Amino acid sequence: MVTIYFYKVRVSGGSTFAVVSATTGGDGIPAFDASSYVLNVNHTHQSVLRVIHSDGSNQVLTSQASFTSSDPAVATVDSAGLVTGIGAGTAAITATYNGQAYHAAVKVNVDTHLKAWYKFDETSGASAADASGNGNPGTLNGGTAWITGKIGNAADLAGTNGYIALPSSLVSGADTITISAWVNLDSAKNWTRIFDFGSGTSTSMFLTPKNGANGKIRFAIKNNNSSEQIIDGQSALATGGWHHVAVTLNGSTGTLYVDGAQVGSNTSMTIKPSDLGATTQNWIGRSQYSSDPYLDGRVDDFRIYDQALPADEIVALAGL
């Protein structure tokens, strides 16, 4: 006797379903579902291949199947069927079992709150692509070069005149924000900048690895010559190795992180990034003050979100 099996690939959270059949020996009526689903970059989905029998019982076949992705630059899949979103686009995830191939389409989106993302994975040229999909490329200036980074390549700023210019008005719509990056300092002079977004010395927000007042890492924001509202860390950012830095602003609370750990906070913040208006000088590695030194070191995986990421997501970014 020959039984028609219907194989169903279930992808957790899948939104649509499709059934295909294969002829083989045995009992039951298996099925194949979840032909498409959506992931964000850096999120995962577990594919599950199962046979559903006529008596209602089912058998998971995931461990007996092999999995491939049509485009690993969009989504990867491991031998256990775990799919990871890598970059914006669509890919086909194929499960092969008993000589038959079954497909699920995965659409990968960049987090909608991610407004700019500079991977700095280029190897030549002066343009840094915005991997968020929002079309905000950066421009390398002065003595800035590409070099091996924390994740792929990085931008190497030599501490003389090198910096990266980002588009105007990049944070003008952000009432809440997260800015994060990997940084590897060759030296830490007072008042260098990891970033400084503003329109001159009267209106800006910046992160310095070492401030000249108490020698600690500091975030500060001011608007129209107001007093600076600051968040100090516990010490200067260490030189000679990769460290993850992040700052979040959410209502009256600002929080500073180093390597995933909270190192400072201020619960009396009143100035928002949007208050700064259409900032025209948004720089990585350069200060609004011409007398301040340029950053001496490497920067990688620079991200800007229009929300304050929770602590566990900061920890996840620091674990990349």
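Placed above this text is the structure.
Residues numbered from 1 in each chain as written. Predicted model: local features only at pLDDT ≥ 70, side-chain atom pairs only at ≥ 80, totals over all residues. Heavy atoms only, no water.

Draft legend 1. Molecular detail of the sheet that holds strand β6 (residues 66–69). Strand order across the open sheet formed by four strands is β3-β10-β9-β6, with mixed pairing between neighbours. Two strands lie at the open edges of the sheet, namely β3 (36–40) and β6, each paired on one side alone. Ignoring which end each strand starts from, the neighbouring axes of this sheet average 30° apart. With five bridges joining them, β3 and strand β10 (residues 100–109) adopt parallel strand pairing. Opposite V38, over in β10, you have K107 as the bridge partner. (Pairing = 2+ DSSP bridges. Helix = DSSP H or I, 4+ residues; strand = E, 2+ residues; numbered from the N terminus. Axes fitted to C-alpha atoms, helices over the stretch in contact; angles between N-to-C directions.)

Draft legend 2. Local environment of the pattern of salt bridges. Summed over the entire model, instances satisfying the criterion amount to eight salt bridges. Salt-bridge contacts for D275 lead to K272; the nearest nitrogen and oxygen are separated by 3.4 Å. Accessibility expressed as a relative area gives 31% for D275, which makes it partly exposed. You can call K272 partly exposed: its relative accessible area is 30%. Three or more residues joined by partner-sharing salt bridges are found here, namely D156, D186 and R298. (Salt bridge = Lys/Arg side-chain N within 4 Å of Asp/Glu carboxyl O. Buried < 20%, exposed > 50% of the residue type's maximum accessible area, 1.4 Å probe, protein only.)

Draft legend 3. Spotlight on the environment of S291. In this fold, S291 is placed in the loop between β25 (281–284) and β26 (296–305). What makes S291 exposed here is its relative accessible area of 65%. The spacing of S291 and W191 is 100 residues in sequence and 9.4 Å in space, taken between C-alpha atoms.

Draft legend 4. Here's a closer look at unusual backbone geometry. Positive phi, close to 60°, is recorded for S169, a residue that is not glycine. Tracing the chain through its elements places S169 in the loop between β16 (163–166) and β17 (177–185). Assessed through its relative accessible area of 31%, S169 is described here as partly exposed. Although it is not a glycine, D259 adopts a positive phi angle of roughly 55°.

Draft legend 5. Structural detail: the pairing of strand β18 (residues 195–198). Every second residue of β18 is oriented toward a common face, with F195 and F197 on one face and D196 and G198 on the other, all of them buried. Examined bridge by bridge, β18 and strand β19 (residues 204–208) share four bridges and lie antiparallel to one another. Each bridged residue has a counterpart across the sheet, and for F195 the counterpart in β19 is L207. Connecting β18 to the antiparallel partner β19 that follows it, the hairpin turn spans five residues, and G200 within it adopts a positive phi of roughly 120°. When β18 meets β25, the two strands line up antiparallel, connected through four bridges. Bridge pairing in β25 places F195 opposite I284.

Draft legend 6. Layout of the pairing of strand β23 (residues 253–258). With five of six residues buried, β23 is to be regarded as a mostly interior element. Direction of pairing for strand β22 (residues 242–250) relative to β23: antiparallel, over a ladder of six bridges. By the bridge assignment, T248 is partnered in β23 with T255. Between the end of β22 and the start of β23, which pair antiparallel, lie two residues, with G251 showing a positive phi angle near 65°. Here β23 pairs with strand β24 (residues 261–266) via five bridges, running antiparallel. Note that in β24 the partner of Y257 across the bridge is Q262.

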